[in-house]
Amino acid sequence: MKLSDLRSQCLGILLKEGIERPYYTIDLILSKTLGIERALLIAKDDMEIPTQKCVGILSMAEKRARRIPLSYIIGEAEFYGRPFEVGEGCLIPRPETELLVEEMLRACPEASRFADWCTGSGCIGITMILENDDLSGYGVDSSETALRWAVLNAKKYNLESKFKLILNSDPSLCNIGHESLDFIVANPPYIPSHEIEGLMPDVRDNEPLEALDGGEEGIDVYSLLFSGLPKFLKTGGILGFEIAGDEQAKLLMSIAPQDLVLMNKIFDYNGILRHLTWKKTVQ
Ligand code: GLN
C-alpha cells in the first residue's frame, strides 16, 4: 500500500472515534514505525509500504481509537526533551513535572545525592542526573512493574551505576543512610479516589491506578512520605512534591512535620499550584 493511502486509512480510524490531534498521532506512529523523521513523511507519499508493516500500523491506529495512550502504543514518551521508554504499568511522564525538575536543579545546585520517590519510569531522577553530572541517587517505587521501566531507562542513558533502583512501599523500612541526601523529589499518586471515575478514559482505563489514586483526599502517600522521608535528608536538604492544586497544598501544609519549612510554590502552565518545596531545618 502507498504511504498516502495508509495514512488516510489510519486517519479514518482515528477520526471516527474523535481522537484528538489525529494528524499528529498518525504521523508519530508512521515516523516511529518506518524510521522516517516526521517532517520528511510528507515527501514520501508514493512510498510502497510492505503489507506486514501496514497491518502493524493499522492495528496501532486501532489501539489509539480504543483510547490506549499514544505513548504506550509507540513505547516512548518525551520528558525534558529526551525520550523515555514507557508502557503498561508506569505513569506516562507529564510536561508539568518538568517544572519540578527545573525547580530542584535551581534550588539544589551543589547537591550530590538525592532520591526520586515514586520514580515510575524514572524520568525525574534520570533527567536530574543528565542535567547535573555531579548527581547520583536512588529511584524508589512500590511497583515492580514500574521499576522494570525505570531499569530500562537507566540502561538507555548508561546510568545504572548512578541511579540505583529500590522496590519499597514504606520509607520507614528503606535502608538509605540517615541524613545522607541533599534532596528528595516525589510525584506520588495524588488524585482523590472519588475523582478517578471522572478522568479521561485514556488515563483512567490504561495508566496504573496505583500511580494515580491518592486515597480519599489524595494525600495518603504524602502522609507516609512526610513521616518517613525527612530522616534521610541532611539539615538544609530540600523535599519537592508534585501536587494536585491549591486545596491539596493547604492540606499538605497542615500535615507537614515541624522540621520542614515551606520554601517555594510552583504553578504550572494552566496556573495550577503544581509543586511545593520544603527545607529541612534543625528543630
Ligand atoms: N498528573 C497526573 C494526571 O493528571 C497524575 C499524576 C499523579 O497522580 N502523580 O493524570
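For the structure given in this document, a descriptive report is provided here. (Residues numbered from 1 in each chain as written. Predicted model: local features only at pLDDT ≥ 70, side-chain atom pairs only at ≥ 80, totals over all residues. Heavy atoms only, no water.)

Turning to the packing of helix 2 (residues 22–34) against helix 3 (residues 51–65), a few remarks are in order. To characterise two packed helices, one gives the angle between the axes of the helices and the distance between these axes. One can describe the packing of helix 2 onto helix 3 by two numbers: an axis separation of 11 Å at closest approach and a directional angle of 145°. For the pair helix 2 and helix 3, the crossing hand works out as right-handed. Judged by residue contacts, Thr25, Ile26, Ile29, Leu30, Thr33 and Leu34 of helix 2 engage Lys53, Ile57, Met60, Ala61 and Arg64 from helix 3. Considering only residue class, the contact of helix 2 with helix 3 consists of 7 nonpolar, 2 polar and 2 charged. (Axes fitted to C-alpha atoms, helices over the stretch in contact; angles between N-to-C directions. Helix = DSSP H or I, 4+ residues; strand = E, 2+ residues; numbered from the N terminus. Left-handed = near helix turned anticlockwise from the far one by under 90°. Contact = heavy atoms within 4.5 Å. Nonpolar A, V, L, I, M, F, W, Y, C, P; charged D, E, K, R; others polar.)

Before going further, it helps to examine the packing of aromatic side chains. In total, this model carries 10 aromatic pairs according to the counting rule given. Seen in terms of ring centroids, phenylalanine 114 and phenylalanine 183 are 5.0 Å apart; in terms of plane orientation they differ by 20°. Their pairing is stacked. Here phenylalanine 114, found in strand 3 (residues 113–117), pairs with phenylalanine 183, found in strand 6 (residues 181–186); they are 69 residues apart in sequence, far enough to count as distant. Each member of the pair, phenylalanine 114 as well as phenylalanine 183, carries the same accessibility label: buried. Aromatic side chains phenylalanine 241 and tryptophan 278 sit 5.8 Å apart centroid to centroid with 70° between the ring planes, which places their arrangement in the edge-to-face category. (Phe/Tyr/Trp six-rings, centres within 6.5 Å; stacked < 30°, edge-to-face > 60°. Buried < 20%, exposed > 50% of the residue type's maximum accessible area, 1.4 Å probe, protein only.)

Time to look at unusual backbone geometry. The phi dihedral of arginine 67 falls on the positive side, at around 75°, and the residue is not glycine. For tyrosine 80, which is not glycine, the phi torsion reads 55° and is therefore positive. Along the chain, tyrosine 80 falls in the loop between strand 1 (76–79) and strand 2 (82–85). Look at tyrosine 80 and you get partly exposed, because its relative accessible area is 21%.

Mapped onto the elements of the fold, glutamate 96 is located in the loop between strand 2 and helix 5 (97–107). Although glutamate 96 lies buried, it forms no salt bridge, and the closest oppositely charged side chain, arginine 274, sits 4.6 Å away as judged by the N-O distance. Excluding residues within four positions of it along the chain, glutamate 96 makes contact with Glu242, Asp268, Tyr269, Arg274 and His275. (Lys, Arg positive; Asp, Glu negative; His and termini not counted. Salt bridge = Lys/Arg side-chain N within 4 Å of Asp/Glu carboxyl O.)

Bringing the site of the ligand into the picture now. For the ligand, the full set of nearby residues is Leu91, Arg94, Asn187, Pro188, Pro189, Tyr190, Ile191, Ala211, Leu212 and Glu242. Between the ligand and the protein, one listed contact pairs a nitrogen atom with a backbone N or O atom of proline 188 at 2.6 Å. Contact between the ligand and tyrosine 190: a nitrogen atom at 2.9 Å from a side-chain N or O atom of the residue. Protein contacts shield 87% of the accessible area of the ligand, which totals 300 Å² for the unbound molecule. When its residues are assigned to classes, the shell around the ligand shows 7 nonpolar, 1 polar and 2 charged. (Near = heavy atom within 4 Å. Polar contact = N/O pair within 3.5 Å; in protein donor to acceptor, adjacent residues only side chain to side chain. Areas by Shrake-Rupley, 256 points an atom, 1.4 Å probe, with all protein chains shown as cover.)

With that settled, consider helix 10 (residues 220–228). For helix 10, every residue scored as buried is listed here: Val221, Tyr222, Leu225, Phe226 and Gly228. Its buried side turned inward, helix 10 meets strand 3, strand 6, strand 7 (233–242), helix 11 (246–255), strand 8 (260–267) and strand 9 (273–280).

When helix 5 is considered as a whole, its buried residues turn out to be Thr97, Glu98, Leu99, Leu100, Val101, Glu103 and Met104. As for helix 5, its buried residues are in contact with strand 1, helix 6 (123–131), strand 6, strand 7, strand 8 and strand 9.

By the definition in use, this model includes 18 salt bridges. Between glutamate 20 and arginine 67 there is a salt bridge, with the nearest N and O atoms lying 3.4 Å from each other. Of this pair, glutamate 20 sits in the loop between helix 1 (3–16) and helix 2 while arginine 67 sits in the loop between helix 3 and helix 4 (70–74), and the two are 47 residues apart along the sequence. Of the residues examined, arginine 67 reaches a relative accessible area of 22% and is grouped as partly exposed.

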